[in-house]
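Structural description and commentary
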Amino acid sequence: MIKGTFMEGKYADESKKKTYADAFLDAAVNNGLSPYMLVSRVIQEVGASGSSIVSGNVPGYEGYYNFYNIGAYAYTSSDTIKNGLQYAKNKG
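Residues numbered from 1 in each chain as written. Predicted model: local features only at pLDDT ≥ 70, side-chain atom pairs only at ≥ 80, totals over all residues. Heavy atoms only, no water.

**Here we look at unusual backbone geometry**
- Backbone geometry at Lys17 places phi at a positive 55 degrees, although glycine is not the residue there.
- Considering the arrangement of structural elements, one finds Lys17 in the loop between β1 (11-13) and β2 (18-19).
- Relative accessible area serves as the criterion here: at 48%, Lys17 is assigned to the partly exposed category.
- For Asn69, which is not glycine, the phi dihedral falls at a positive 55 degrees. (Helix = DSSP H or I, 4+ residues; strand = E, 2+ residues; numbered from the N terminus. Buried < 20%, exposed > 50% of the residue type's maximum accessible area, 1.4 Å probe, protein only.)

**Concerning the packing of helix α1 (residues 20-31) against helix α2 (residues 35-46)**
- Closest axis-to-axis distance for the α1/α2 pair is 8 Å, and the angle between their directions is 125 degrees. Between α1 and α2, the crossing angle belongs to the class labelled oblique. As α1 packs across α2, the resulting crossing turns out to be right-handed. Counting all contacts with α1, which are made through Phe24, Leu25, Ala27 and Ala28, the residues of α2 involved are Pro35, Leu38, Val39 and Val42. (Axes fitted to C-alpha atoms, helices over the stretch in contact; angles between N-to-C directions. Parallel < 35°, antiparallel > 145°, perpendicular 65-115°, else oblique. Left-handed = near helix turned anticlockwise from the far one by under 90°. Contact = heavy atoms within 4.5 Å.)

**A word on the side chain of Thr5**
- Looking at the secondary structure, you find Thr5 in the segment before β1.
- Residues contacting Thr5, with those up to four places away along its chain left out, are Ile43 and Ala48.

**Remarks on the packing of aromatic side chains**
- Under the defined criterion, the tally for this structure stands at four aromatic pairs.
- For the pair Phe6 and Tyr20, a centre-to-centre distance of 6.3 Å together with 70 degrees between the ring planes defines the contact as edge-to-face. Residue Phe6 is found in the segment before β1, and its partner Tyr20 is found in helix α1; the two are separated by 14 residues along the sequence.
- The interplanar angle of 25 degrees and the centroid separation of 6.3 Å between the aromatic rings of Tyr65 and Phe67 together place this pair among those described as stacked.
- Given the relative accessible area of 41%, Tyr65 is considered partly exposed.
- Overall, Phe67 belongs to the buried group, its relative accessible area being 17%. (Phe/Tyr/Trp six-rings, centres within 6.5 Å; stacked < 30°, edge-to-face > 60°.)

Given below as structure tokens:
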């Protein structure tokens, strides 16, 4: 499912050399969920090409990610990403 997406051939955790496939499998096992559901939801939320909300590079929110767009609401389009990343930052 990751093939052809922004996650293909990349590490979810560079320091541990953990691929996105490994990360989704671990998350699924640890939470009693389907890895297919987790991956398909990410693709549904941020698209196969990804979004700045999953880049970790948004000024003021470096190192924060929100693959599921939780809390990413806005009154203007520029607030959507920042609100989603603020949610992620608040959750640690």
